[in-house]
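# Survey of secondary and tertiary structure
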Amino acid sequence: MSTVKLTVNGKAVAVDVEDRTLLVQLLRDHLNLTGTHVGCDTSQCGACVVHMDGRAVKSCTMLAGQADGANVTTIEGIAKGDELHPMQAAFRDNHGLQCGYCTPGMIMSAIDIVHRHGGQLDEPTVRHELEGNICRCTGYHNIVKAVLDAAGRMKVSQAAE
Amino acid sequence: MGVEGIGARVVRKEDKRFITGKGRYVDDIKLLGMTHAHFIRSPHAHAKVKGIDSSTALKMPGVVAVLTGQQLVDDKVGNLICGWAITSKDGSPMKMGAWPAMAPETVRFVGQAVAVVIADSKNLARDAAEAVVVDYEELPAVADVHAAIKAGAPQLHPEAPGNQVYDWVIGDEGATDAAFAKAANVVKLDVTNNRLAPNAMEPRAAIADYDQAEEHFTLYTTSQNPHVARLVLSAFYNIAPEHKLRVIAPDVGGGFGSKIFIYPEEMVALWASKKVGRPVKWTSDRTEAFLTDAHGRDHVTHAEMAFDANNKITGLKVKTYANFGAYMSLFSSSVPTYLYATLLSGQYNIPAIHAEVIGVYTNTTPVDAYRGAGRPEASYLIERLMETAARQLNVDPAALRRTNFITQFPHQTPVIMAYDTGDFNASLDAAMKAIDYAGFPARKAKAKADGKLRGIGVSCYIEACGIAPSKAVGSLGAGVGLWESAEVRVNPVGTIEILTGSHSHGQGHETTFCQLVADRLGVPISQVSIVHGDTDKVQFGMGTYGSRSAAVGLTAILKAMEKMESKAKKIAAHALEASEADIVIENGEFKVTGTDKAIAFPMVALAAYTAHNLPEGMEPGLKESAFYDPTNFTFPAGTYICELEVDPGTGKTSFVNFVAADDFGRLINPMIVEGQVHGGLVQGIGQALLEHAIYDANGQPVTASFMDYAMPRADDVPSFNLSHTTTLCPGNPLGIKGCGEAGAIGASAAVINAITDAIGKNNLEMPATPDRVWRTIHAA
């Protein structure tokens, strides 16, 4: 057992976990943050993507201990109160989700994609960058639309800040 | 239609919880004292179970129990069932091999459970499972239909000599033979419809909770049809009588057919929760999903089509071998028979059809309905045949289809189905216009100059949806009726709860079903809630599959709404001192037509519940229910055209354009309909280019993770150009045909027709991987 201390969605937490505990297990089983999902166990599907120190990571593919001291943001932590993150709003407005299971990971990956590419996003880039996130419902068409839409919204909201 | 009524592109009510991480899937639920199950599964495709030694595991930390198949037998838990009886051409019933939830004696596919460890945590259960020693005696195995039907092949079930489930026929063999005898041309084709793994992104899961005092079970499960699950668990598996079993299917992360069936794991979880006296949770991992979720497709077919001198089809002969895997899953028997062979007429006037379907056991995961279920296999076969015929007869593929389209409705095909309506020319026209079919030769020539092989492929699909008229399916062997139920509960303040037996696992019912209410009453959808997925709340229902939720489920809601509105009108007329016949409903008000007299809907609701001043003899309250049984299947149809380029150097396919023109009848929410089509198209493209659940000759699965099984990724597929043509379905009052499966049914043939057009060689199996395409291009 080890104590892992980290910040999750702005809140400092200390959790006693078995050494083999994965970050996704810490989030789901210990902190009850069940918005982060597990879809494949082999780091392919991206349903488990969260942000760690500002980067998108697959939380099923790292130990909780590796997040010691880190700042982790999950899908539960990106809206400001009732105000959705522009990526969340864009997924809703563009019907970028159906069953919702891949959605948290998609949104967390997509925010990271926009951050890394700034405003320089086009459809082929979005499709290529989403390679690590699998969706079985939407056929990606509306996810791609949502990411491109959000990229514009995020530029506007950054400019406003 | 109003801003939230029928036809409006309303954003989904359910989205907020999904985009904020507040969805509630089975694995998100924790119960007090909950234990965790881990199944011990056979690593062999075929073996005798000689013994199970769990003595070491039982001493390990946190282990509560290790339960085996023999204990299931001892407790008289029933075997799994197949709910659709098929009769072979010799009059004999289908041959069902016994399928226990955990194998006490013989395992017949890799992944079949033999025992389960129950422990305080998932990790402890897994640790202990490592220490359970199972003594197997390996037996020879067969993995594909060719091997399984050979003389001397290893036999799976004593009940099924020759590994044959059934040998079933449909159509008029004599008339078909006569048509072929007179044919001017005969076109022949052999096709394999590749086996697929459904892969809903949420793995299956179950939590079973036994209440000893009440002798009552609660099951949270990933189901598309919780009431059917309860019925089967009660009536056939002896788990508990229905009133002592509550089944809850909360948010479910995709189904595509794979979550229709009642699997061994739910049964074992229920039984185990009573045995250990604590709740039991099981969540599949992805490899378990590959091993145990029912697979789809897996047909091997030889077909021949006869034409007269005017290129009119005169006859069709089909012989299909369908791989059922090791056991008959819940609705598996119906898939290659009544869901497949009944659609072999496609969109075409074919006077004589004869089809024979031979079901075969193999040492592989059971096969059952996967998005489209039989109809993709039929559509793929017919549309590959039409393309092959056009090439052989040297006519334009679109023109050959047009020559043979059914244009008069209703149309009785020779294979049971009676198409009610459609306009196949309209959807073909729309798709050809959208892709600029006329300009294709110039584009092909330009691509050739750039060193690329460009091709275009047409697919005109039809499906039978709105499953299904109960009497009709009953006469064909179904063990259940396929109606739907609904209840409309108006609260005293005028808010409305709609209870439905349909289940949403991505389809957006919480929005579209509200749109019907908004359309009829003029109330905002925020005033309406949809309640589904809980057998304690909704009395009964048949669930969601076969593109049935709108055509059947929403019609049931409409019927209940009509009853509720009729009573509400009486109350309004009484309050307004007017005749009931003069009351109209507009913008949330009940009005006396032609006057300014009106009463708001909430006041009508309140009057119903205060009951201070109701019409003489009227019962208080405002709640109505309905069961709706459709009168026919519905027949969505359309044309998909795919234009693509093949790189002759690598065999890699790149999409240029993909257009879809569908006729789904009336659309409730076009945004959601488009989403359904996008998703279906990518599953069809996935089958055509990427996906294949492969077994080696010994029955070992080769593709049991996302590292080995190629799921379509975003950069594998194009964006789509969709349009709709409309003929309203005459079979239901809303005119709805259904849209959930079309994409998966029609897309594969469009892709393969386009690739074979590009490379100039007709024979190409799915998935058309670059390697396979390259070899086909360069084959002698």
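Position labels on residues start from 1 in each chain and follow its written sequence. By the order in which they are written, chains take letters starting at A while ligands take numbers starting at 1. Given that this is a predicted model, residues contribute local features only at a pLDDT of at least 70 and side-chain atom pairs are listed and counted only at 80 or more, while totals for whole chains, interfaces and linings are drawn from all residues.

What follows deals with the confidence of the model for chain B. Every residue gets a pLDDT, meaning the predictor's confidence in that residue, from 0 to 100. For chain B, per-residue confidence averages 97 on the pLDDT scale, and 100% of positions sit at 70 or higher. Scored as a whole, the predicted complex attains pTM 0.97, and scored at its interfaces, ipTM 0.98.

Residue and element names in this part refer to chain B. In short, DSSP must find at least two bridges between two strands for them to pair. Helix and strand definitions here come from DSSP, where helices need a minimum of 4 consecutive H or I residues and strands a minimum of 2 consecutive E residues; each element is numbered from the N-terminal end. The strand order β18-β26-β27-β28 describes an open sheet built from 4 strands, whose pairing is mixed. The sheet is open, and its two edges are formed by β18 (453–462) and β28 (721–724), each paired on a single side. The mean angle between the axes of side-by-side strands here comes to 10°, regardless of whether they run parallel or antiparallel. Where strand β27 (residues 653–663) lies against β28, 4 bridges are found, and the strand directions are parallel. Bridge pairing in β28 places Asp662 opposite His724. Lines are fitted to the C-alpha atoms to define the axes, a helix being fitted only along its stretch in contact, and any angle between axes, read from their N-to-C directions, falls within 0 to 180 degrees.

Turning our attention to the sheet that holds strand β25 (residues 623–628) of chain B. Residues and elements named next belong to chain B. Here we have 4 strands laid out as an open sheet, ordered β21-β20-β19-β25, and mixed in their pairing. Edge positions in the open sheet fall to β21 (528–531) and β25, since each of these has one partner strand only. Recorded for the sheet is a direction-independent mean angle of 15° between the axes of neighbouring strands. Where strand β20 (residues 496–500) lies against β21, 4 bridges are found, and the strand directions are parallel. Considered in β21, the bridge of Glu497 is made with Ser529. It is the C-beta atoms, placed from the backbone, that decide contacts: two residues are in contact if theirs lie within 7 Å. The strands that helix α15 (residues 509–521) touches are β20 and β21; relative to β21, the one it contacts most, it runs at about 130°. Sitting on the sheet, helix α16 (residues 549–576) touches β19 (484–490), β20 and β25, and the angle it makes with β25 is about 145°.

Residue and element names in this part refer to chain B. Parsing chain B into structural domains produces domain 1 (15–20 + 483–628), domain 2 (31–139 + 202–253 + 259–292) and domain 3 (299–468 + 632–778). Taken together, the contact pairs 13 residues of domain 1 with 15 residues of domain 2. Looking at side-chain class alone, the side of domain 1 that touches domain 2 contains 3 nonpolar, 8 polar and 2 charged residues. Note that the domain bounds reflect an automated or database-derived domain assignment. Asp, Glu, Lys and Arg are counted as charged, while Ala, Val, Leu, Ile, Met, Phe, Trp, Tyr, Cys and Pro are counted as nonpolar; the rest, among them Gly, fall into the polar class.

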